[in-house]
Amino acid sequence: MGFDIFMLGATVVAAGALTWFVIWYFFSPSDAESSSSAKGSGTSADSQSSDEAYAALYGDREHEAAALSRLVLVGIVLTAIVFALAVLALFGSDDPNNWTNAAWIQSPWLQAILITPVMFYCGRPIHHIGLHTIAKRSPDINSLISIGTSAAYIYSLAVCVASDFMPEGSREPYFESVGVTITLVLLGRLMETKSRAKSASSVRQLAELLPKIAHLVPKAQR
């Protein structure tokens, strides 16, 4: 009874704090709006676009493409293994001789170990940009992805640590969802970066075709 009252009070406090945060975050002027109104025109330098944020992290398009290629490769390999383990865990049965009931397959800790590099190494640019835009109160798609994958990762860790305290139907981790989401986002960014780098290279090659010297013909000789 005492524990139920404590949980009820904690829920009310958490709901009140969350409601206050939502009202403050979304309905009060952001730093970018305050800076713009103070200057009269233009946008704040803090509200960078995703392109500018990635450029600040990696520099030019070529370096960005090379870095994203490494991240995507690591994400694909580790996520594929975690996804395979998650699928095999679903085929577990009451038969103790079934190989899918092996402890290393059914345990979520192996998935946690494999997906942690994807979360923090591969997802570093996403979390960096997403948290930066949240701090500046101008969230973008990176913010949404960072919050979603962080929530799934933390919940999955809670399943690993305290699954016995969770309801019967809520003991499945979501590590594969974390890996798939981060890897697909990075893959999309990589494809976009390579496409833009190719376009910029084509423009430079076209500019090189222009003549270096122009001769002015006098009107009398025309």
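Residues numbered from 1 in each chain as written. Predicted model: local features only at pLDDT ≥ 70, side-chain atom pairs only at ≥ 80, totals over all residues. Heavy atoms only, no water.

Draft legend 1. Local environment of the overall build of the chain. When its secondary structure is counted, the chain shows nine helices and zero strands. The secondary structure elements of the chain, listed N-terminal to C-terminal, are α-α-α-α-α-α-α-α-α. Sequence separation of at least 24 residues holds for 65% of the intrachain contacts in the chain that already meet a minimum separation of 6. Summing over all exposed atoms, the chain offers an accessible surface of approximately 14,600 Å²; the carbon and sulfur share of this is 68%. (Helix = DSSP H or I, 4+ residues; strand = E, 2+ residues; numbered from the N terminus. Contact = heavy atoms within 4.5 Å. Areas by Shrake-Rupley, 256 points an atom, 1.4 Å probe, with all protein chains shown as cover.)

Draft legend 2. Representation of the packing of helix α6 (residues 108–122) against helix α7 (residues 124–135) in the model. Put simply, α6 and α7 touch, their axes get as near as 5 Å, and they point 50 degrees apart. By the angle between their directions, the pair α6 and α7 is classed as oblique. Here M119, F120, Y121 and C122 of α6 come into contact with α7, specifically with R124, P125 and H127. (Axes fitted to C-alpha atoms, helices over the stretch in contact; angles between N-to-C directions. Parallel < 35°, antiparallel > 145°, perpendicular 65-115°, else oblique.)

Draft legend 3. Highlighting the nonpolar core. Judged by nonpolar contacts, the single largest core of 28 residues is most densely connected at F175, I182 and L186. For this core, the secondary-structure elements that each account for two or more residues are α3 (50–58), α4 (61–90), α6, α7, α8 (141–162) and α9 (175–208). When residues in this core are grouped by element, the largest group, eight residues, is from α4. Other than its neighbours up to four places away in sequence, L186 contacts L68, L71, V72, C122, P125 and I126. (Core = buried A, V, L, I, M, F, W, Y, C linked by side-chain atoms within 4.5 Å. Buried < 20%, exposed > 50% of the residue type's maximum accessible area, 1.4 Å probe, protein only.)

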